[in-house]
Amino acid sequence: MNLTELNRIATAMVAPGKGILAADESSGTIKKRFDAIGVESTEANRRDYREMLFRSNEAMSQYISGVILYDETIWQDAKDGTPLIKLIEQSGAIPGIKVDEGTQALPMCPGELVTVGLDKLAERLKKYYERGARFAKWRAVIDIGSGIPSMTAISVNAHALARYAALCQAAQIVPIVEPEVLMDGDHDIDRCYDVTQRVLNKTFQELRVQRVALEGMVLKPNMAISGKKSPKQAGVEEVAEKTVRLLKACVPAAVPGIAFLSGGQSDEEATAHLNAMHKLGPLPWGLTFSYGRALQAAPQKAWSGKAENVAAGQRAFSHRARMNGLASKGEWQS
Ligand code: 13P
C-alpha cells in the first residue's frame, strides 16, 4: 500500500470548490428515477443519460472532483466508442466505483439491514483498479424507528465497512466509508444526532481495529437532520451547527475529507446546509458534497430521455454542480 498516494487521491476528492457526483444508482434505483421522468430503463438509455452528465464540460472540469460509477457503467462505452470512464478521466475528475452489493435482512433483527458484498471483493477491486477506478464506495444503511437501530445492526455494518475499507487500501483504492443513517422517519434532529454519533463512533472503532489508515479514506455521512416525517423541522443553521459539532466529536482530523450524501433533501437544502457549515469557521477536514439526487434531480427532469434536451440537461447539472462547488467554500448565496 502506498499511503502517500492514497492520501493524495483522498485530498483531491475533497478539494475546496469541488465535490463528488454519485452516479452509482443500482439498476433498481435508476429505474425508479427514470420511471419518474417517463423514461424506460434500458441499457442504452442509462448509457445516454450518464454520457450526458460526463460530457457536461463546465461541471466536470470545474466542480466535480470524482464520479462514483455502478458496475455496468464502468464497462460501458459512449456512443462514439470512447469508454465512459475515459470521459471522466479526460475531464480531470477521478473515477470511482460502488462495490457493495446492496442490503439483506439482518437475521435476529427485525426491520434491520446489513450490507453485503465482501465475498471475492479483493479480486473485483483488482479488476476495477486495472480499469482506472481510484476510489470505491460501500454504503451501510441504518434506519431509525421504534426500538431501532439495535447495537447489533450498528456493529455488523461497521465491521463490514472496515473489512471493505482495509481491502480497498490493500488494493491501492481509496475507500469512501458511508454509514448512512436514514432521514425517512418521524424522529427529530436530536435523535438523528444521537444515533449518528453511535454509528460513527462504532465505525471508527472498527476502522482502527482493522488497521485502516485514516489518512487514506473519505467519510460519507448523513447530516444531523430532522426525519422527513417529523413535525419539528430543524432550520438550516441548526442542521449546520449540530452536524459540525457531531463530526468534530467523532471524526479524527487525520481523515482528509468528509463528503455528504444528500439522502432525500431537496437540491437547495443540500446546498444551503453545506454552505452554512463552512460559515462556522475553520474545519479540521475537507468538507464537501457527494450527492446523488441533489445533483441529478434537475438534469433528469430537464433531459427527460430526449436527445434534443441534452444541452438543457447539461446546463441543469452544471448549475447544481456550481452551486454546490460554491457551498463547499461557504460562498453560495441563495
Ligand atoms: P443521495 O445524495 O441521493 O443520498 O445519494 C448519495 C449516495 O451515493 C447514496 O449512497
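Only a predicted model underlies this, so the values are computations on that prediction, with no experimental measurement involved. (Residues numbered from 1 in each chain as written. Predicted model: local features only at pLDDT ≥ 70, side-chain atom pairs only at ≥ 80, totals over all residues.)

1. With respect to the overall build of the protein
So, step 1. For the protein, the count of helices and strands is 13 helices and ten strands.
So, step 2. On C-alpha atoms alone, the protein measures out to a radius of gyration of 19 Å, which is about the 20 Å that the 2.2 N^0.38 rule sets for 334 residues.
So, step 3. Residues classed as buried in the protein amount to 50% of the 334 residues present.
So, step 4. Excluding contacts between residues fewer than 6 apart, the proportion of contacts in the protein whose partners are at least 24 apart in sequence is 80%. (Helix = DSSP H or I, 4+ residues; strand = E, 2+ residues; numbered from the N terminus. Rg over C-alpha atoms; globule rule 2.2 N^0.38 Å. Buried ≥ 20, exposed ≤ 12 C-beta atoms within 10 Å, placed from the backbone. Contact = placed C-beta atoms within 7 Å.)

2. A look at helix α13 (residues 310-327)
So, step 1. End to end, α13 covers 26 Å across 18 residues, agreeing with the expected 26 Å (1.5 Å per residue, within 8%).
So, step 2. If you check which residues of α13 are buried, you get Gly313, Gln314, Ala316, Phe317, Ser318, Arg320, Ala321, Met323, Asn324, Gly325 and Ala327. (Expected span 1.5 Å × (residues − 1).)

3. What about the nonpolar core?
So, step 1. Grouped together as the largest cluster of nonpolar side chains are 100 residues, with contacts concentrated most on Met13, Ala136 and Val174.
So, step 2. The element contributing the most residues to this core is helix α8 (residues 151-170), with ten residues.
So, step 3. Non-local contacts of Met13, meaning those with residues more than four positions away in its chain, are made with Ile20, Ser65, Gly66, Ile94, Phe135, Val174, Val218, Gly257 and Ala259. (Core = buried A, V, L, I, M, F, W, Y, C linked by C-beta atoms within 7 Å.)

4. Examining the packing of α8 against helix α9 (residues 189-209)
So, step 1. Where α8 meets α9, the axes come as close as 8 Å, and the angle between the chain directions of the two elements is 40°. In this view, α8 runs oblique relative to α9, as classed from their interaxial angle. Here α8 and α9 pass one another in a crossing that is right-handed. Residues Ile154, Ser155, Ala158, His159, Leu161, Ala162 and Ala165 of α8 form the contact with α9, whose own contacting residues are Arg198, Val199, Lys202, Thr203, Glu206, Leu207 and Val209.
So, step 2. Residue composition of the contact of α8 with α9, by class: eight nonpolar, three polar and three charged. (Axes fitted to C-alpha atoms, helices over the stretch in contact; angles between N-to-C directions. Parallel < 35°, antiparallel > 145°, perpendicular 65-115°, else oblique. Left-handed = near helix turned anticlockwise from the far one by under 90°. Nonpolar A, V, L, I, M, F, W, Y, C, P; charged D, E, K, R; others polar.)

5. Examining unusual backbone geometry
Glycine aside, negative phi is the norm for most residues, and most peptide bonds take the trans geometry.
So, step 1. The omega torsion of the bond from Ile148 to Pro149 falls at 10°, within 30 degrees of zero and hence cis.
So, step 2. For Pro149, the location among the structural elements is in the loop between β6 (135-142) and α8.
So, step 3. For Lys120, which is not a glycine, the phi torsion comes out positive at approximately 60°.
So, step 4. Relative to the assigned elements, Lys120 resides in the loop between β5 (113-115) and α7 (121-131).

6. Side note on the site of the ligand
So, step 1. Taken together, Ala22, Arg139, Glu178, Leu261, Ser262, Gly263, Tyr291, Gly292, Arg293 and Ala294 are the residues near the ligand.
So, step 2. Grouping the constituent residues of the shell around the ligand by class yields four nonpolar, three polar and three charged. (Near = placed C-beta within 6 Å.)

7. Some words on the packing of helix α12 (residues 293-303) against α13
So, step 1. Where α12 meets α13, the closest approach of the two axes is 7 Å, and the angle between their N-to-C directions is 165°. In terms of orientation, α12 and α13 fall into the roughly antiparallel class. The chirality of how α12 crosses α13 is right-handed. In this structure, α12 contributes Leu295, Ala298, Pro299, Ala302 and Trp303 to the contact, and α13 contributes Val310, Ala312, Gly313, Ala316, Phe317, Arg320, Ala321 and Asn324.
So, step 2. Residues of the contact of α12 with α13, tallied by class, amount to ten nonpolar, two polar and one charged.

8. Examining the sheet that holds strand β1 (residues 19-23)
Where strands meet in a sheet, backbone hydrogen bonds hold them as pairs that are either parallel or antiparallel.
So, step 1. Pairing is parallel in the closed barrel, where eight strands are placed in the order β1-β2-β3-β6-β7-β8-β9-β10.
So, step 2. As defined by bridge partners, β1 adjoins strand β10 (residues 286-291) across two bridges and the pair is classed as parallel. Across the sheet, the residue bridging to Ile20 is Ser290, located in β10.
So, step 3. With respect to the sheet, helix α11 (residues 267-278) is in contact with β9 (257-260) and β10, its orientation differing from that of β10 by roughly 175°. (Pairing = 2+ DSSP bridges.)

9. Focus on the environment of Glu101
So, step 1. Along the chain, Glu101 turns up in the loop between β3 (94-98) and β4 (103-105).
So, step 2. For the pair formed by Glu101 and Trp138, sequence separation is 37 residues and the distance between their alpha carbons is 8.6 Å.
So, step 3. Beyond its immediate sequence surroundings of up to four residues, Glu101 is in contact with Val116 and Gly117.

10. Some points on the confidence of the model for the protein
So, step 1. Chain-level pLDDT for the protein is 98 on average; 100% of the residues reach the 70-or-more range.
So, step 2. Interface confidence in the predicted complex, given as ipTM, is 0.90; pTM for the same model is 0.98. (pLDDT = per-residue confidence, 0-100.)

11. So, helix α1 (residues 3-13)
So, step 1. Taken together, the buried positions of α1 are Leu6, Ile9, Ala10, Ala12 and Met13. One side of α1 carries all its buried residues, which in axial view fall inside an arc of 160°. Of the exposed residues in α1, those oriented more than 90 degrees away from the buried face are Leu3 and Thr4. (Arc of directions from axis to C-beta.)

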